[in-house]
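# Summary of the model geometry
Letter by letter, the chains look like this.
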Amino acid sequence: MNSNSFGDFRCLTADAHAGPPARRERLRTALPLALLALPAWGLLALGNTGLALSPLCSPGRIWSLPSPESLGFFFTYVPPGTLALGWALMVAAMMLPTLLPVLGHVRARTFADLRPVAECLVLAGYFGVWMAAGVGLIGLALGLRLLSGVPLWPLALGLALLWQASPAKQRALNRCHRRPVLAGFAPRLWRDALWLGARSGGACLTSCAPLMLLGLMLPGGHFGVMLALSLWIWAERLEPPRPPGWRFCWPRRALRLLRHRLAQPHRRHPETAGATV
């Protein structure tokens, strides 16, 4: 596998020992993603409490409707464009943090004057894939609701767990770590950046689609579920590539990182380790 495959998780260990320039560079990469993801989480939280955007971010209202006729009535006051906006908010909140290694790869391999356009094209390719997938995922969830007439989230949960342990899931995660070579100059760089975003979005979609479908089909608690799923998706991306196989992989690296961060305030400074009171 390409050596760039391991850059996503090496940077976590290296960042703890990196100097101010390296940390500033990582901050420049993370800040635009935070400026997009945090407002999206805020809007989703408002929708969850009913203060704003309530029909937009409450799929449970759809699953509580008793018949196809009432579902049709639902769409008379919640147009498809509103659902599309809700889906865009979900993608921005849950999936944008996973683009941090991808944008770091772009920043490290492009000239400063070409970098902003390249990063925007990566975001455009990534969002384009996820917005197109939203049509299929939301349509599938609605179709299952109409055909079954009963909640199918236990089946969705079982399929998601089966997918998490499958070799296909590990292959998709391995593809998420791949970083192609980027052209040094425009216009080939624009094409490469757009393709990088689309390919990253496709790998991410393949890896996460069953989890997203599960979130859409649950009858309630969607904000908490989205938050838990986004943390899980972020944590499993920290794991190194592995040979595909049937196994359930826990995010051990994320747990070790969390334990390390929590233990830091309690560690004694090396210069005072031998001091006595």
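Residues numbered from 1 in each chain as written. Predicted model: local features only at pLDDT ≥ 70, side-chain atom pairs only at ≥ 80, totals over all residues. Heavy atoms only, no water.

## Concerning helix H10 (residues 188-217)
Under the 1.5 Å per step criterion, the end-to-end length of H10 is 41 Å for 30 residues, consistent within 8% with the ideal 44 Å. Taking the largest bend as the criterion, H10 deviates by roughly 55°, centred on Cys208, and proline Pro210 comes between one and four positions later. (Helix = DSSP H or I, 4+ residues; strand = E, 2+ residues; numbered from the N terminus. Expected span 1.5 Å × (residues − 1). Bend = angle between axes of the 7 residues up to and from the residue.)

## Some words on helix H7 (residues 115-148)
Taking 1.5 Å of rise per residue, 34 residues should cover 50 Å, and H7 covers 49 Å from first to last C-alpha, within 8% of that figure. At Gly134, H7 shows its largest bend, some 25°.

## Concerning the confidence of the model for the chain
Scored by pLDDT, the chain has a mean of 79; 76% of the residues are at 70 or more. Here helix H1 (residues 7-17) stands out as the least confident element of the chain, with mean pLDDT 45; helix H9 (residues 167-176) is the most confident, with 94. Taken as a whole, residues 271-277 scores under 50 in pLDDT and shows two contacts with residues more than four places along the chain or in a different chain. (pLDDT = per-residue confidence, 0-100. Contact = heavy atoms within 4.5 Å.)

## Concerning the packing of aromatic side chains
All told, the structure shown has six aromatic pairs when counted by the stated rule. When the centroid spacing of 6.3 Å and the interplanar angle of 45° are considered together, the rings of Trp87 and Trp130 count as tilted. In this pair, Trp87 sits in helix H5 (residues 80-95) while Trp130 sits in helix H7, placing the two residues 43 residues apart along the sequence. Each member of the pair, Trp87 together with Trp130, is buried. For the pair Trp232 and Phe248, a centre-to-centre distance of 6.0 Å together with 35° between the ring planes defines the contact as tilted. In this pair, Trp232 is assigned in helix H11 (residues 222-237) and Phe248 in the loop between H11 and helix H12 (252-263), connecting sequence segments 16 residues apart. Given a relative accessible area of 31%, Phe248 falls into the partly exposed group. Members of the aromatic cluster, connected to one another through ring pairs, are Trp232, Phe248 and Trp250. (Phe/Tyr/Trp six-rings, centres within 6.5 Å; stacked < 30°, edge-to-face > 60°. Buried < 20%, exposed > 50% of the residue type's maximum accessible area, 1.4 Å probe, protein only.)

## Some remarks on the packing of helix H8 (residues 153-164) against H10
At a minimum axis separation of 9 Å, H8 and H10 run at an interaxial angle of 160°. In terms of orientation, H8 lies roughly antiparallel with respect to H10. Between H8 and H10 lies a crossing of left-handed hand. Residue-level contacts link Trp153, Ala156, Leu157, Ala160, Trp163 and Gln164 of H8 to Thr206, Ser207, Pro210, Leu211, Leu214 and Met217 of H10. Tallied by class, residues from the contact of H8 with H10 come to nine nonpolar, three polar and no charged. (Axes fitted to C-alpha atoms, helices over the stretch in contact; angles between N-to-C directions. Parallel < 35°, antiparallel > 145°, perpendicular 65-115°, else oblique. Left-handed = near helix turned anticlockwise from the far one by under 90°. Nonpolar A, V, L, I, M, F, W, Y, C, P; charged D, E, K, R; others polar.)

## A look at the side chain of Asp192
Examined against the element boundaries, Asp192 turns out to sit in helix H10. By relative accessible area, which is 13% here, Asp192 ends up buried. A polar atom in the side chain of Asp192 sits 2.8 Å from the backbone nitrogen of Ala183. Contacts of Asp192, omitting those with residues within four sequence positions, involve Val181, Leu182 and Ala183. (Polar contact = N/O pair within 3.5 Å; in protein donor to acceptor, adjacent residues only side chain to side chain.)

## Some remarks on the pattern of salt bridges
Two side chains of opposite charge can pair, provided their charged atoms sit close to one another. A full pass over the atoms with the stated rule returns four salt bridges. Among the ionic pairs, Arg191 bridges to Asp192, the shortest N-O distance being 3.3 Å. A salt bridge links Arg242 to Glu239, with the shortest nitrogen-to-oxygen separation between them at 2.9 Å. Accessibility expressed as a relative area gives 7% for Glu239, which makes it buried. (Salt bridge = Lys/Arg side-chain N within 4 Å of Asp/Glu carboxyl O.)

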